[in-house]
Each structure stands twice: as C-alpha cells, then as structure tokens.
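# Understanding the architecture of this molecule
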Amino acid sequence: MAIPEATPAAGRRVALVTLGCARNEVDSEELAGRLERGGYTLVAEPADADAVLVNTCGFIESAKRDSIDTVLAARDLKAAGGPQAIVAVGCLAERYGDQLAASLPEADAVLGFDHYADIAQRLDDVLAGRAVPAHTPRDRRSLLPITPVQRSAAARAIADLPKGIAPASGPRVVRRRLEGGPVAPLKLASGCDRRCAFCAIPSFRGSFVSRDPAEVMDEARWLADHGVRELVLVSENSTSYGKDLGDVRLLEKLLPDLAGLPGIVRVRVSYLQPAEMRPSLVEAIATTPGVAAYFDMSFQHASGTLLRRMRRFGDAAGFLDLLTGIRKLAPDAGVRSNFIVGFPGESAADFTVLERFVADARLDAAGFFGYSDEDGTEGASLKPKVRRDVIARRLALLTSLGEVTVSARAHERVGTTVEVLIESVDGELGEGRGAHQAPEVDGVVAVRGYGFGVGDLVTAVVTDSVGVDLVADLMAIVDPAHRAVPATS
C-alpha cells in the first residue's frame, strides 16, 4: 500500500480538519491519500493552506454546532488572507447536502461521499472558481440490496463506477496518515442495519458493508510498516462484521491474524452492539493474545421498557449478566459505554433503573448525553417528550454518578500490573494507555521510569489513580519499538 509519488503543483496546499469519531479520522486519511495522489501538498495549519477541508460530524446537535463553528473559524482565516477556499465534507455535508450549502454560504462547496473518489478534481474546480453543486440528500440504504449476503458484490460494482460510493468496501486508494504516533484506527466496515429510534446514521452512512478480510489485513500491514503498534478497529457496528460475507463469526477469525502481524502489539475493537455480543466474540476479545480485553458497548439505557421504545434490546439484568461473563474470562477487562437521558417516554422509574445500573456496572469510562430530536428519526415523532429542564437535571445527576463510579473503578486498579503502550515521553515521565483504555475517549496511564520511548509496550505497577487516570511505576519493557515513530515531549 505504498503511496505513489506525486509532483505537487505550486500553490496547491490543503489542510484537513477532522471532527467526530475515529471513523472520520480514517475517512480523512483516505481523503488525504487521494489529494496527495492528485498533486496536493498536505499542510497541518489551515492558515498555511490554499484550501481547507472540514470533515464534519453530524451525529448529535453539539457535534453539528462544532462543525459549523469550525467552518466559520476557517472563514475568518480566509478573510485575513488565509485559505482561498473552504470545503465542507463528512457526515454533516452528506446528511444535509444542498440544504447545508444554502444555509452556510461561508463554505465554498459542500461535498458528499460520492465526491470522495475524485476529491482532488473537485477541489481543483473549487479553487478555479467553478461551481460544484451540492447533492440532494438521499437515504443511502437504498444503494445496496437489503439482504446482507448480496451486498459484497453490489458494493464492489458500485465502487468500480466512475463516481463510486465512498467511503465503502471494495477497491480503495491508498491512505495517508495525518497524525504520527503508535496508535491508528482501521476501518472494518461502513454503514449500519440497525434502526435505533434516536439515530440517523444509517440514512447517511448506508447499509452495513464489511470490508474483505484480506483488504483489512493488507491495510493493517501497511500501518504496521508505518510505525503503528496498536490497531483500533472501527465501524458503525463491529459486531456485525462478516454477516454480509456469509460468516457472522468472521471477526473472531480475523482478530488472531491481526494480532499476529509483525510489529503489532495490541488490537482493540470498538463500537460493539450489546444485543449482538455472542459468546464466541466475548471469548475472542477477552482471551486472544494481543487483543485488548476491552469492551466498547453502547448500552444507551438500562430500562427494558424504554430500550424497546428506542428499538433496541436488553435490560439491566441482562447487561449485568453480560458484564459478569466478560469479567469471569478477563477480570481486568475494560468496559466503556454511552447513555441517553430523556428519550421520549422516559419515566422517573426508567431513570431510577438507569441510575442503579450505572452504580452497579463498574464501568471504566462512560459518556452521558441529553436526548434531542434528530431529523428523520422515529424518536422525533414520539411522545410524550421529556421536558428540557427534567433532562438537564437527570443528566447532571447521572454525569455526577458516572464520575464517581469510573473513578472508583480506576482506584480498584491500584496495586495491579498493567501493560501500557507509550504514546509520549517527557524526561522520566511517559504517557500511554493500558489495555482497558481506548485513545482519545478514555483515561491515560502516567508511567514513571527511564529507558522507554514512544511505541514501547511496557509493564508497570499502578500506584495511584486520579479520576479515570492512573499513575504507575515502570517494571519492564516488554516489546520495544523500532524507532520509526519519533518520541515527542
């Protein structure tokens, strides 16, 4: 997967600003690969660029606001003599298309996923003053057959068209890493088949499509060759991986192969669906050497009644049984989750069930969100609505409880030994993450000692906890890195 050499044209500099989740990070790196192949020079600072691509997030209201604010900030740079063009891409651009273009004239273009395949040419058009019409939003689930097993061939056929469906499975261009460091996301699949009443993602990301395992392995090798030590597997629903390829247990088979790649010391799976957590997958994540015993499961709530209204499955008792089973196999397993407060119809009794679950679950990390109606979702039409002041009060209570419980869980780890992948070093202090901590969203481990560098996998004994973060003393360097990734301070 080596990147072809390109001769950048003078004045064609582009900066990518990425918002949202790790899925967007991968999309940005794929866009960067296409842009570089098209002759653009990538620069880190928007002020130094001729064009700025803002890879937006369209998941929840606060993420939309962040995306708009980022475009407006780029506009201010433009007014001060900075970039010539500002282009919005990503989920918000795909979801709203021409509507966003009309309401956000500060963006010189709003490009959807179908523009990704020839993004360099479209950016050429924008810089030359040629109009690139924004698309009319559509439900992308209609692009692929409903039956999962029919999708693989269909996705390849679409991807081979001049303006293919992107991002998607099938033939792909090279990827350019935008950030250094020993950890990188690796995309397993695109889209989602679930119909959660609060979520609009399937409508603009499309139906679930797995990447071919050989393609995943090829990209993993490429990442390892570029100094990556930990692979974070991302998708909208990693538990569904392989179902459209005729093998619902394909992830269990893929994990040992990924963990066995030279240079890779840890594989982490993210975005797991609790209702699809089959015993074989739990066992594979909990016990496979080189795979982090880490379970990123968005329970969303714990009241069985309310979960049915959300078009989800499970309840507090079932979720606690799942956690008990995980910890039986891996007592030190990390668990993170997300919860929605104030979904239509949430009663005081429903909220009490949720509070008790958060208190009992011993989570390592948790995110709490107040419900808001999302365009095109079933939840937007459901009643009765929970008053905004009630949502705010419940959210504050649950957030406070969550802070206490995750801090208590971190304190339980004092005296234990953790394996830490070092991500930065400053003198005798290193910082990294244990197997129970995902990058960006969870806590960190501060390791005291000498002789280690970025990319080293070390063991350390935990001596203290500060909130979700741990403090530890170096014991040994288990797997030293080749110094392809320079240490940072």
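The rules we used
Residues numbered from 1 in each chain as written. Predicted model: local features only at pLDDT ≥ 70, side-chain atom pairs only at ≥ 80, totals over all residues. Heavy atoms only, no water. Helix = DSSP H or I, 4+ residues; strand = E, 2+ residues; numbered from the N terminus. Buried < 20%, exposed > 50% of the residue type's maximum accessible area, 1.4 Å probe, protein only. Axes fitted to C-alpha atoms, helices over the stretch in contact; angles between N-to-C directions. Parallel < 35°, antiparallel > 145°, perpendicular 65-115°, else oblique. Left-handed = near helix turned anticlockwise from the far one by under 90°. Contact = heavy atoms within 4.5 Å. Nonpolar A, V, L, I, M, F, W, Y, C, P; charged D, E, K, R; others polar. Pairing = 2+ DSSP bridges. Salt bridge = Lys/Arg side-chain N within 4 Å of Asp/Glu carboxyl O. Phe/Tyr/Trp six-rings, centres within 6.5 Å; stacked < 30°, edge-to-face > 60°. Lys NZ or Arg CZ within 6 Å of the ring centre and 35° of its normal. Core = buried A, V, L, I, M, F, W, Y, C linked by side-chain atoms within 4.5 Å.

This part covers the overall build of the chain. Tallying secondary structure elements over the chain gives 13 helices and 18 strands in all. For the chain, the residues scored as buried account for 55% of the 489 residues in total.

Attention now goes to the packing of helix α8 (residues 250-259) against helix α9 (residues 279-287). Running from N to C, α8 and α9 point in directions that differ by 15 degrees, and their axes come no closer than 9 Å. Between α8 and α9, the crossing angle belongs to the class labelled roughly parallel. For the crossing formed where α8 meets α9, the hand is left-handed. Contacts between α8 and α9 involve Leu251, Glu252 and Leu255 on the former and, on the latter, Ser280, Leu281, Ala284 and Ile285. Looking at the contact of α8 with α9 residue by residue, the class counts come to five nonpolar, one polar and one charged.

Moving on to the sheet that holds strand β12 (residues 334-341). Taking strand neighbours across the sheet as the criterion, the three strands line up as β11-β12-β13 in an open arrangement whose pairing is parallel. At either end of the open sheet lies a strand with only one pairing partner, and these are β11 (294-296) and β13 (365-370). Averaged over all neighbouring strand pairs, the angle between strand axes comes to 10 degrees, with direction disregarded. Sheet topology places β12 next to β13; six bridges connect them, and they run parallel. Note that in β13 the partner of Asn338 across the bridge is Gly367. Sitting on the sheet, helix α12 (residues 348-360) is in contact with β12 and β13, with an inclination near 165 degrees to β12.

A word on the sheet that holds strand β4 (residues 85-90). Here we have five strands laid out as an open sheet, ordered β2-β1-β3-β4-β5, and parallel in their pairing. Looking at strand neighbours, the two that pair on one side only are β2 (41-42) and β5 (109-110), the edges of this open sheet. Strand direction decides the pairing type here: strand β1 (residues 13-18) and strand β3 (residues 51-56), joined by five bridges, are parallel. Note that in β3 the partner of Leu16 across the bridge is Leu53. Of the strands in this sheet, β3, β4 and β5 are in contact with helix α3 (residues 91-103), which crosses β4 at around 125 degrees.

Per the stated rule, a full pass over the model turns up 41 salt bridges. A salt bridge links Asp125 to Arg130; the nearest nitrogen and oxygen atoms lie 2.9 Å apart. When its relative accessible area of 14% is taken as the criterion, Asp125 is described as buried. Here Arg362 and Glu412 are joined by a salt bridge, their closest N and O atoms 2.8 Å apart. A residue pair is termed long-range when its members are at least 10 positions apart, and Arg362 in the loop between α12 and β13 and Glu412 in helix α13 (residues 388-412) qualify at 50 residues. Relative accessible area serves as the criterion here: at 34%, Arg362 is assigned to the partly exposed category.

The next point concerns the packing of aromatic side chains. Across all of its chains, the model carries eight aromatic pairs by this definition. Relative to Phe319, the ring of Phe299 lies with its centre 4.4 Å away and its plane at 35 degrees, an arrangement referred to as tilted. On the criterion of sequence distance, the pair formed by Phe299 in the loop between β11 and α10 (304-309) and Phe319 in helix α11 (residues 316-329) is long-range, its members being 20 residues apart. With respect to class, Phe299 is no different from Phe319; both count as buried. Pairing Phe339 with Phe357 gives two aromatic rings, centres 6.2 Å apart and planes at 65 degrees, and the pair type is edge-to-face. With Phe339 in strand β12 and Phe357 in helix α12, the pair connects residues that are 18 residues apart, well separated along the chain. Considered together, Phe339 and Phe357 belong to a single accessibility category, that of buried residues. Site record: aromatic cluster; members linked through ring pairs are Phe299, Phe319, Phe339, Phe357 and Phe368. Just above the ring of Tyr40 sits the side chain of Arg12; from NZ or CZ to the centre is 4.2 Å. Sitting over the ring of Tyr294, Arg268 keeps its end group 4.7 Å from the ring centre.

Every buried residue of helix α4 (residues 119-127) is accounted for by Ile119, Ala120, Arg122, Leu123, Asp125 and Val126. At its buried positions, α4 is contacted by β1, α1 (22-37), β3, β4 and β5. With its phi angle positive at about 85 degrees, Gly129 sits one or two positions after the end of α4.

Leu258, Phe295 and Met297 are the most contacted members of the largest nonpolar core, which totals 91 residues. Beyond its immediate stretch of four places on either side in the chain, Phe295 contacts Leu272, Met277, Val282, Ile285, Ala286, Ile326, Ala333, Gly334, Val335 and Arg336. Of all hydrophobic cores here, the second largest spans 16 residues; its members include Leu19, Ala74, Leu92 and Leu104.

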